[in-house]
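# Residue-level structural notes
Each chain, written out:
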Amino acid sequence: MTTHELVLPENFCEYASEVESKGWFPGAVLVHLNKRYHLTFYAPVRLGQTIEDELQKRPCFAEPNLLVVGSVTEGAMRAAADYAVTSGLVETFVSEK
């Protein structure tokens with residue numbers, strides 16, 4: 001029995017390769033036990049670049065519900081969402097109010 005679903009935009013397949021090359025995607029929603037969690041996915045290199053840029057402007061970098069994957073592909077995002085649920089990591093996420 002599936003207790004969760006990763007929801008991507010309907011037209012995600014139309015720009016999936018662009019997302020993968022950018023290494024960043026903030027548009028996924030994890031639905032688990034009647035709660036919705038907005039997720040942001042990063043590839044490691046892109047995350048490092050983003051952190052460096054942000055630290056030039058602010059004293060810290062923070063991102064709720066951040067998941068780092070080897071490559072920002074649909075398969076990697078779904079695997080990460082599955083892991084977040086099965087490992088209990090989802091319990092640390094911030095849900096919609």
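Residues numbered from 1 in each chain as written. Predicted model: local features only at pLDDT ≥ 70, side-chain atom pairs only at ≥ 80, totals over all residues. Heavy atoms only, no water.

## Considering the overall build of the chain
Rules: Only DSSP runs of H or I reaching four residues or more are called helices, and only runs of E reaching two or more are called strands; each is numbered from the N terminus. This radius of gyration counts C-alpha atoms alone. The globule rule is 2.2 Å times how many residues there are, raised to the power 0.38. Residue burial is assigned from relative accessible area. The probe radius is 1.4 Å, only protein chains are included, and a residue is buried under 20% of its type maximum, exposed over 50%, and partly exposed in between. Values of accessible area rely on a 1.4 Å probe in the Shrake-Rupley scheme; residue burial ignores everything except the protein chains shown. Asp and Glu are treated as the negative residues and Lys and Arg as the positive ones, with His and the ends of the chain left uncounted. A charged residue contributes its charge at one atom only: NZ of Lys, CZ of Arg, CG of Asp or CD of Glu.
For the chain, the count of helices and strands is 3 helices and 4 strands. In terms of overall size, the chain behaves like a compact globule, its C-alpha atoms giving a radius of gyration of 14 Å where 97 residues would be expected to give roughly 13 Å. When each of the 97 residues of the chain is scored for burial, the buried share is 32%. A total of about 6300 Å² of accessible surface is found on the chain, and carbon and sulfur atoms cover 53% of it. Taking the average location of the 8 positive side-chain charges in the chain and that of its 13 negative ones, the two points are 7 Å from each other.

## Notes on the environment of Arg-78
Convention followed: Two residues form a contact once any of their heavy atoms are found within 4.5 Å.
Mapped onto the fold, Arg-78 is located in helix α3 (residues 74-87). The exposure class assigned to Arg-78 is partly exposed, which follows from its relative accessible area of 32%. Arg-78 sits 48 residues away from Leu-30 along the chain, and the two C-alpha atoms are 9.5 Å apart. Dropping the residues within four chain positions of it, Arg-78 is found in contact with Leu-6 and Leu-8.

## What to know about the side chain of His-4
Residue position: His-4 is located in strand β1 (residues 4-7). We classify His-4 as buried; its relative accessible area is 17%. Those residues in contact with His-4, other than ones at most four positions away along the chain, are Leu-30, Val-31, His-32, Ala-81, Asp-82 and Val-85.

## Let's talk about α3
Given 3.6 residues to a turn, an α-helix orients residues that are three or four positions apart in the same direction. Put simply, the rule is: For a helix, the expected span equals 1.5 Å multiplied by the number of residues minus one. Relevant arc is that of directions from the helix axis to the C-beta atoms, nothing else.
With 14 residues, α3 extends 20 Å from end C-alpha to end C-alpha; this agrees with the ideal 20 Å at 1.5 Å per step. If you check which residues of α3 are buried, you get Met-77, Ala-80, Ala-81, Ala-84 and Val-85. Axial view of α3: buried residues confined to an arc of 135 degrees, hence all on one face. Exposed side of α3, more than 90 degrees from the buried face: Tyr-83 and Thr-86 are the residues found there. Close packing links the buried residues of α3 with β1, α1 (12-22), β2 (24-32), β3 (35-42) and β4 (66-68). The first or second residue beyond α3 is Gly-88, which carries a positive phi of 90 degrees.

## Regarding the environment of Tyr-15
Turning to its location among the elements, Tyr-15 is positioned in helix α1. Between the alpha carbons of Tyr-15 and Val-94 there is a distance of 27 Å; along the sequence they are 79 residues apart. What Tyr-15 contacts, discounting residues up to four positions off in sequence, is Pro-9 and Phe-25.

## A closer look at the nonpolar core
Looking at soluble globular proteins, one finds that nonpolar side chains tend to be buried together. The line we're drawing: What is meant by a nonpolar core is a set of buried Ala, Val, Leu, Ile, Met, Phe, Trp, Tyr and Cys residues, joined one to another through side-chain atoms within 4.5 Å.
Core analysis: the biggest nonpolar cluster contains 21 residues, and Leu-30 and Phe-41 have the highest contact counts within it. Among the elements that take part in this core, α3 stands out by supplying 5 residues, more than any other. Excluding residues that lie within four positions of it along the chain, Phe-41 makes contacts with Gly-23, Trp-24, Phe-25, Ala-28, Leu-67, Val-69, Val-72, Met-77 and Ala-80.

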